[in-house]
Amino acid sequence: MGATVIGSNTRIEGKILGDDPIIVRGAVKGDIDGNGMVEVDTSGKVEAKVKAYQLIIKGNVNGVVTGLEKVEILSGARMVGDVKTPRILISDGAIFKGRVDMEISEV
Amino acid sequence: MGQENRTEIASQTVISGEIEAQEDIVVFGRVEGKIFSSATVDIEEGGVVKGFIKANEVVVSGFIQGDIEGKERVEITEHGRVLGNIATPRIVLQEGGKICGRILMDGSPLPLRDDAVLGKGKGSVPPSRGSTGLSSGKTSPKVESVKVVRSSRPSPTISEEEK
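Anyway, here's the lowdown on the structure attached to this text. Since the model is a prediction, treat every value here as computed from it, not as a measurement.

Reading the values: rules and limits
- Residues numbered from 1 in each chain as written.
- Chains lettered and ligands numbered in written order.
- Predicted model: local features only at pLDDT ≥ 70, side-chain atom pairs only at ≥ 80, totals over all residues.
- Heavy atoms only, no water.
- Contact = heavy atoms within 4.5 Å.
- Buried area = accessible area lost by both parts, 1.4 Å probe.
- Salt bridge = Lys/Arg side-chain N within 4 Å of Asp/Glu carboxyl O.
- Polar contact = N/O pair within 3.5 Å; in protein donor to acceptor, adjacent residues only side chain to side chain.
- Helix = DSSP H or I, 4+ residues; strand = E, 2+ residues; numbered from the N terminus.
- Buried < 20%, exposed > 50% of the residue type's maximum accessible area, 1.4 Å probe, protein only.

### Topic: the interface of chain B and chain A
Here comes step 1: Tallying the contact residues gives 22 residues for chain B and 21 residues for chain A.
Here comes step 2: Counting the surface lost from both chain B and chain A, the interface buries some 1700 Å², and carbon and sulfur atoms represent 45% of this.
Here comes step 3: At the surface where chain B touches chain A, the tally comes to zero salt bridges.
Here comes step 4: Where chain B meets chain A, there are 16 residue pairs in polar contact (both at pLDDT 80 or more).
Here comes step 5: Breaking the side of chain B that touches chain A down by element, the ones donating at least two residues are strand 1 (6-9) and strand 2 (13-21) of chain B.

Right under this line is the structure:
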């Protein structure tokens, strides 16, 4: 199974959905609904609602993101928006503005 | 997979909307909407595009429902299926490839991109369908020949609706 790659000189306006891993090196405006891994590479610019099993952010993301398993905001990333996930990693050098919702059940 | 300078849409991926690229686009999956590229758009076997494609070069090994504008050339390979019109100065149709639609090679823009013409096309489809119903009582070969005209016409209509 191949991966879907949005190249660095590509712009997509609309909705991307699927089971394949999705790697974004270009610009996406709209909706990304992935059941697998979604990676926003360093050159990637995403202005969208993103849902993924595993979300890895190295580039620019503006929007509400959901990682069913985990979200990683790595060094060099610029994330503005809310994150909903059970596991999150924010690396040194990452920029993050927004809320984190980890669904902690009250004891 | 994984070439740096191109966009690849994998087989289990559906994109609906508009794709605009200054690089190659390879479609193994499904795209509903418009694709614009200054380079090559390659619809691989199994790939489906419902909508409009405008690129420097278009290579079809999959299925396209909608119009194609190839600035330099359009190629339909042996597994390619096109349900729509093609405007390009150079065309290759390999043995086994199928086209249902008009081919314009005189440099004129696709008439079906023009809304006025599209509107006319839409209007003229229902009457021809009606006449199909009437003529269907006659010989069956005639009905088949009507079917070809039928399937070549609704393509722009369908792609219009799905936007």
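Picking up after the structure, the text goes on.
### Some thoughts on the pattern of salt bridges
Residues and elements named next belong to chain A.
Here comes step 1: All chains considered together, the criterion is met by 12 salt bridges over all chains.
Here comes step 2: Of the charged contacts in the structure, one is a salt bridge between Glu39 and Lys58, with a shortest N-O distance of 3.1 Å. Placement of the pair is Glu39 in strand 5 (residues 37-40) and Lys58 in the loop between strand 6 (45-57) and strand 7 (60-62), with a sequence separation of 19 residues.
Here comes step 3: On the basis of relative accessibility, which here comes to 26%, the residue Lys58 falls in the partly exposed class.
Here comes step 4: As a salt-bridge pair, Glu69 and Arg87 come within 3.6 Å of each other at their nearest N and O atoms. Taken as a pair, Glu69 in strand 8 (residues 65-73) and Arg87 in the loop between strand 10 (83-84) and strand 11 (88-90) lie far apart in primary sequence, 18 residues in all.
Here comes step 5: On the basis of relative accessibility, which here comes to 22%, the residue Glu69 falls in the partly exposed class.

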